[in-house]
Amino acid sequence: MKQLLTKSLVWIAYLAVLLILPQIFNSVLAITIFNQMAIAIVFALSYNMLLGQGGMLSFGHAVYFGLGGFMAVHALVMIEFETFYFSIIYIPLIGGLIGLLAAVFIGSFSTHKAGTVFAMISLGIGELVAASSLIFVSFFGGEAGVSADRTYGPPFFGIEFFQDIEIYYLAAGWVFIATLFMYLFTQTPAGRMANAVRDNPERAEFIGYSARKVRFISFCASGFFAGIAGGLFALNYEFITEENLNAVTSGRVLLMAYIGGLGYFIGPIVGAVILTLMNSLLSNYTELWMLYLGIMFVLTVLFLPRGFAGFIMMHRVAWVQKRMQSLVMPYLLTGVPAMITAVSLVAIIEMLHHRGEEFHFLLVTLSSTSVFSWALVLAVAGASIYAVRLSLPRLHSAWEDANKLVDADEDNARP
Amino acid sequence: MLEVFIFATLNGLVTGLLLFMLASGLTLIFSMMGVLNFAHASFYMLGAYFAYSISLYLGFWGGLIFAPLIVGALGALVERYLLRRVHEHGHVAELVFTFGLAFLIEEAVQFFWGPDTKNYRSPDILDFPLFTLFGQEFSAYRGFMIGISVAIFIGLYHLLTRSRIGIIIQAAITHPHTVANLGHNVPLIFMGVFGVGTALAGVAGVIAGPVLTTFPGMAVVLGSIVFVIVVIGGLGSLTGAFIASLLIGLLQSYAIASDLGMPDLLNLLGLEFGRDHPLTDLWTLSLPQIAPIMPFMLLVLVLIFRPTGLLGKREQ
């Protein structure tokens, strides 16, 4: 009972955050970013249903997103010409159904095996659909894509969806519903069995479940929610192109889910938020943000195999034993110099990139031709690396202390 | 008709052999470590770019010698210090890592060499027509590409089946622990194979750069096709990769050279559809149009009906 109460509190808080965010940050840019986040969250969560919960590595997840999006745009066109006439709030559902349809068809033969075979089929299908979309111009619109106008539908309680903020609230509603249902899916027997099949398909077969069927169900559900994300995309941008179903989009969703943290329900949400922020904020400051994204991704795979969410969850033991405060100082002592190192390395990359031109970086003006710039950056980098190396052992021992189990202490205390 | 056929065959052979140079390294790495290296085509791109930079100072032949060495060394370092680290987290993590590496290499290439196409050219010595057939010229450089690919295939085949090192490598693929117990340094062998595999990709990049243009997207263009070849040929099978490379090279080449399409098929069947039909794109499809997607269609079909590939071993 108490658990149910805390869980529903979490969901209410989630809804509250979704609704209050645009009140706090109400600039045009912020609303645009929130809309992108909403789309990314649903898409990344649907990807996690495959990889995180079902153990199916897909390189073609954008297919369901894109097909859903294309159908949603066509539905908007139909509303415009009054072939069908309904409120646009149901558009994401159309995207979802198309995603589901595509997943049922493709899943019927691709879910026989997990692992490499599945990954390769998804890659093949992804390339196939992306290439076909350039051939079948009447539906996909070729390189230009297809576009529509969302404001022709009947108003929803007087809202005609002219403004981005109105779309945000619509998207927020869909995000909440989609997140809730995806969470509930993990609690169903099908969701639980997906975990079992991921970890040990043979055993799952022995207790009487068809691993293939379990995978197929996850796959279809995942396609459905990816389609919903595609529908939200169509509503927000009012156009969609081939790029939204090709390998670039498939790769981006993999990045989001992985950086956020696979295996944790909240992971993809974290990843979607981080990547959208990087995408829209960092790209204002530097042309090289894709390079930084690549570096960040590779570092995440190397050092944080469970992503950011996994990093937060690592502290559970320390948290439960109320030893978090003993970690704060060591974290600061190592973290601050590490941040400075990262910043100075970024400065070096930017200096190389600007090739002699002067540019502003934080508080200073740097140039790759000036000796002072190089001396400054290298000195800062060297000093901070030294500081990290000095403080690292302390962090390590503090970490060990904080994670020592309580009963080990009791053993020591016993005479 | 015959001239089109002959030239399509020759061009298909050039593409196929080039693809094989990439696929051979990839399949060798897969059979050793069980990981499909997504970044393999990125090493091919690095080969082309290094060769371009070196050729500015030492000419084409200097690039042909040094670029693969640099790429191979880079590959060995990646295996030793990065991939081995990820290996502990399982196959999915490895696949995701190589995917991230491919992404990173593409961005790094744009960082160091810029986003524009490089003027990397074939050497002047090979700038003459090798022979003229039906009034069309076949350039000596393409002949050189065929020659070097065949030489590498024969060399690799002999190295793997006839030399002592090859025997140890083959044994390390199937029985790594036994080989280690016999006193061989298995991790070093892995590193070496990874290095040689990436160096082969580098060679492919060096000789393909002038023909297929050297630009930051060149890895993406070939990357997924090489994957397709390795899977169709059967994961880990060198002969399978050879057959699949030639198959795909020829298939694409014939498809591009032909002018057949759906209208011809419909004529043959005596059917006709109006231009304003909603599926008009389908009725006007032509073979050159679908040439780029043929490898992927083949891949999906092979994976559905014969998941082990043409010559792959039965899965454990």
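Rules used in this analysis
- Residues numbered from 1 in each chain as written.
- Chains lettered and ligands numbered in written order.
- Predicted model: local features only at pLDDT ≥ 70, side-chain atom pairs only at ≥ 80, totals over all residues.
- Helix = DSSP H or I, 4+ residues; strand = E, 2+ residues; numbered from the N terminus.
- Rg over C-alpha atoms; globule rule 2.2 N^0.38 Å.
- Buried ≥ 20, exposed ≤ 12 C-beta atoms within 10 Å, placed from the backbone.
- Contact = placed C-beta atoms within 7 Å.
- Domains from an automatic or database assignment.
- pLDDT = per-residue confidence, 0-100.
- Axes fitted to C-alpha atoms, helices over the stretch in contact; angles between N-to-C directions.
- Parallel < 35°, antiparallel > 145°, perpendicular 65-115°, else oblique.
- Core = buried A, V, L, I, M, F, W, Y, C linked by C-beta atoms within 7 Å.
- Arc of directions from axis to C-beta.
- Left-handed = near helix turned anticlockwise from the far one by under 90°.
- Nonpolar A, V, L, I, M, F, W, Y, C, P; charged D, E, K, R; others polar.

**Let's talk about the overall build of chain A**
Consideration 1: Regarding its fold elements, chain A presents 18 helices and four strands.
Consideration 2: In terms of overall dimensions, chain A is globule-like: its C-alpha atoms have a radius of gyration of 24 Å, near the 22 Å expected for 415 residues.
Consideration 3: In terms of principal-axis extent, the alpha carbons of chain A reach across some 75 × 65 × 45 Å.
Consideration 4: Buried residues in chain A amount to 42% of all 415 residues.
Consideration 5: Across chain A, contacts joining residues at least 24 apart in sequence account for 78% of those joining residues at least 6 apart.

**A closer look at the overall build of chain B**
Consideration 1: Per the secondary structure count, chain B includes 13 helices and two strands.
Consideration 2: Whereas a compact globule of 316 residues would reach a radius of gyration of roughly 20 Å, chain B reaches 21 Å, a difference of no more than 12%.
Consideration 3: Its C-alpha atoms give chain B principal-axis dimensions of about 70 × 50 × 40 Å.
Consideration 4: Considering only contacts within chain B whose residues lie at least 6 apart along the sequence, 76% involve residues at least 24 apart.

**Observations regarding unusual backbone geometry**
Consideration 1: A positive phi angle, near 60 degrees, is found at E238(A), a position not held by glycine.
Consideration 2: As for its placement among the helices and strands, E238(A) is situated in the loop between helix 10 (211-237) and strand 2 (239-240).
Consideration 3: Judged by the 16 C-beta atoms lying within 10 Å of it, E238(A) is partly exposed.
Consideration 4: One non-glycine residue with positive phi stands out, namely T213(B), at about 65 degrees.
Consideration 5: Residue placement: T213(B) occurs in the loop between helix 7 (186-212) and helix 8 (218-233).
Consideration 6: Given 15 C-beta atoms within a 10 Å radius, T213(B) is considered partly exposed.

**Quick word on the environment of Y157(B)**
Residues and elements named next belong to chain B.
Consideration 1: Here Y157 lies in helix 4 (residues 140-162).
Consideration 2: For Y157, a count of 15 C-beta atoms within 10 Å gives the class partly exposed.
Consideration 3: Spatially, the C-alpha atoms of Y157 and L238 are 8.8 Å apart, while their sequence positions differ by 81 residues.

**Re the domain arrangement of chain A**
Consideration 1: Structurally, chain A comprises domain 1 (19-313) and domain 2 (316-413).
Consideration 2: Between the C-alpha centres of domain 1 of chain A and domain 2 of chain A there is a distance of 34 Å.

**Description of the confidence of the model for chain A**
All names here are of chain A.
Consideration 1: For chain A, per-residue confidence averages 84 on the pLDDT scale, and 96% of positions sit at 70 or higher.
Consideration 2: Per-element averaging of pLDDT across chain A places helix 18 (residues 406-413) at the bottom with 48 and helix 10 at the top with 92.
Consideration 3: Within the model, the stretch residues 408-415 combines pLDDT values under 50 with one contact to residues more than four positions away or in other chains.

**Topic: the packing of helix 12 (residues 267-285) of chain A against helix 13 (residues 289-303) of chain A**
Residues and elements named next belong to chain A.
Consideration 1: The contact between helix 12 and helix 13 brings their axes to 9 Å, and the two run at 135 degrees. The angle between helix 12 and helix 13 places the two elements in the oblique class. Packed against helix 12, whose contacting residues are M278, L282 and S283, the element helix 13 presents W289, Y292 and L293 at the interface.

**Here's the deal with the environment of L212(B)**
Consideration 1: As for its placement among the helices and strands, L212(B) is situated in helix 7.
Consideration 2: As for L212(B) and A140(B), which are separated by 72 residues in sequence, their C-alpha atoms are 16 Å apart.

**A few points about the interface of chain B and chain A**
Consideration 1: Each partner contributes residues to the interface: chain B has 38 residues there, and chain A has 34 residues.
Consideration 2: Going through the elements one at a time, helix 2 (40-87), helix 3 (91-113), helix 8, helix 11 (280-283), helix 12 (287-290) and helix 13 (294-305) of chain B are the ones with two or more residues in the side of chain B that touches chain A.
Consideration 3: At 14 residues, helix 3 of chain B tops the list of elements feeding residues into the side of chain B that touches chain A.

**Things to note about the nonpolar core**
Nonpolar side chains in soluble globular proteins tend to be buried together.
Consideration 1: By size, the foremost hydrophobic cluster in this structure holds 195 residues, and its most contacted members are V42(A), L22(B), V226(B) and I229(B).
Consideration 2: Top element by residues in this core is helix 2 of chain B. It accounts for 19 residues.
Consideration 3: Other than its neighbours up to four places away in sequence, V42(A) contacts V175(A), A178(A), F225(A), I228(A), A229(A) and L232(A).

**Observations concerning the confidence of the model for chain B**
Consideration 1: Residues with a pLDDT of 70 or more make up 93% of chain B, whose mean pLDDT is 83.
Consideration 2: Among the prediction metrics, the complex's ipTM stands at 0.83, with pTM recorded as 0.86.

**With respect to helix 8 (residues 189-199) of chain A**
All names here are of chain A.
Consideration 1: Among the residues making up helix 8, those that are buried are G191, M193, A194, V197 and R198. All buried residues of helix 8 fall inside an arc of 160 degrees around its axis, so they share one side. Projecting away from the buried face of helix 8 at angles above 90 degrees are the exposed residues P189 and D199.
Consideration 2: Buried positions along helix 8 lie against helix 2 (28-54), helix 7 (164-187), helix 9 (201-206) and helix 10.

**A look at the packing of helix 3 (residues 62-80) of chain A against helix 10 of chain A**
All names here are of chain A.
Consideration 1: Two elements in contact, helix 3 and helix 10, have axes whose closest approach is 7 Å; the angle formed by their N-to-C orientations is 45 degrees. Here helix 3 lies oblique to helix 10, going by the angle between them. You can see that helix 3 and helix 10 cross each other, and the crossing is right-handed. Between helix 3 and helix 10, the residues in contact are Y64, F65, G66, L67, G68, G69, A72, V73 and L76 and G223, A226, G227, I228, A229, G230, G231, F233 and A234, respectively.
Consideration 2: Across the contact of helix 3 with helix 10, the residue classes break down as 11 nonpolar, seven polar and no charged.

**Here we look at the environment of G95(A)**
All names here are of chain A.
Consideration 1: As for its position among the elements, G95 is in helix 4 (residues 91-110).
Consideration 2: Between the C-alpha atoms of G95 and A226, which are 131 residues apart in sequence, the distance is 8.3 Å.
Consideration 3: With near-sequence residues (within four places) excluded, G95 lies in contact with G68, G69, M71, A72, G227, I228, G230, G231 and A234.

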